[in-house]
Amino acid sequence: MDVVSDAVAVIRTGRPHAARTRRTAPWGLRFPAAPGTGFHVVLQGRCWLLSAGCDPVPLSAGDVVLVPHGHELALADSPGSELVDVAPDMDDSWVPAPDTAGPLTVLMCGSYQLDRAGAHPLLAELPAFIHLPRRVGRRTALNAVVDLLGDELDQRRPGTDAAIPALLDAMLLYILRTWYRDHAPRGAGGWAAALDDPAVGSALQHMHAEPATAWTVELLSRRAGLSRAAFSKRFTELVGRPPMAYLTWWRMTTAGRILRGGDDAPLRAVAERVGYTSEFAFNRAFKREFGLTPGAYRRLATPRHPIKA
């Protein structure tokens, strides 16, 4: 798996949901802060994105907004419209508003359930909200998945219940890929620069694809085509921690995902899958990261006792 996919996979819990809502001006919806990651797509018409501390942002049909950290924001037909607090109903549809004679806006709104405990730093550095305008005249993958989602929500057919979560998962990955590729700031450090850097990006891919491999700084630097010192310096500057510290963190994060996922493999087998031949060393490293032994973590991660973010 690639780094972006892994970053999403390690904190995914439950099923994402989405629903359409039709609004005729004047209208305003305030989405309170929530523990998950929210998203909003303008399927038809226009509106404004309103967020504390930011100027109003105009949105047009096909625009996508991701709220990575669940911060409060609002959507409205005009920056001055009255706002009404909204929340999903039990059937995942938004409370309808009375129709008026104003211009029509159709929105797709929803959220991803994420466990932020141990979230990948790639996601932690995302801004309060991400706005990706539709690229007029270009058939991008993100445009395509938005169109498919809108179609599934508009006409429920056999297989819709399976199609919508899969399309929502794909949309999240396309949003992150598009933002990191086209919009993320590229300075002296940060994950956009790390993913772009041939040497550091290659090392990250190796660690993520093969966490059980006995990686060393020497081996990774040779794969990257750099001296050991140059590789270590560049990796630490861009990722924010030294190569071996990141590798240990990623191994423990991977082990946590395995244990949360209901895998009944013996702890020794889990340890081996993340690069530890000694179960004692694995237990010690895991407890240092999570504050619990692997066995205790597994017991608390059962559906009856979910781990809170």
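Shown above is the structure to which this text applies.
Heads up: these notes are all about the structure in this document. Just so you know, these numbers come straight off a predicted model, no measurement behind them.

This part takes up the sheet that holds strand E5 (residues 57–60). Pairing in this open sheet of 5 strands is mixed, and the strands run E5-E4-E7-E2-E8 from one edge to the other. Of all strands in the sheet, those bounded by a partner on one side alone are E5 and strand E8 (84–85). The pairing of strand E2 (residues 28–31) with E8 spans 2 bridges and is parallel. Directly across from Leu 29, in E8, lies its bridge partner Val 84.

A few words on the environment of Ser 278. Structurally, Ser 278 is set in the loop between helix H10 (267–273) and helix H11 (279–290). C-alpha separation for the pair Ser 278 and Arg 268, spaced 10 residues apart in sequence, amounts to 7.8 Å. Within the structure, the side chain of Ser 278 is placed 3.4 Å from the backbone nitrogen of Phe 280, a separation counted as a polar contact.

Let's shift gears to the packing of helix H6 (residues 198–209) against helix H7 (residues 217–224). What describes two packed helices is the angle between their axes and the distance between those same axes. Packing of H6 against H7 leaves a shortest axis separation of 9 Å and a crossing angle of 125°. Accordingly, the angle class assigned to the pair H6 and H7 is oblique. Handedness of the crossing formed by H6 with H7: right-handed. Together, Ala 199, Ala 203, His 206 and Met 207 of H6 and Leu 220, Arg 223 and Ala 224 of H7 make up the contact between the two elements.

What counts and what doesn't
- Residues numbered from 1 in each chain as written.
- Predicted model: local features only at pLDDT ≥ 70, side-chain atom pairs only at ≥ 80, totals over all residues.
- Heavy atoms only, no water.
- Pairing = 2+ DSSP bridges.
- Helix = DSSP H or I, 4+ residues; strand = E, 2+ residues; numbered from the N terminus.
- Polar contact = N/O pair within 3.5 Å; in protein donor to acceptor, adjacent residues only side chain to side chain.
- Axes fitted to C-alpha atoms, helices over the stretch in contact; angles between N-to-C directions.
- Parallel < 35°, antiparallel > 145°, perpendicular 65-115°, else oblique.
- Left-handed = near helix turned anticlockwise from the far one by under 90°.
- Contact = heavy atoms within 4.5 Å.

Keep in mind that these numbers describe shape and distance, not what the molecule does.
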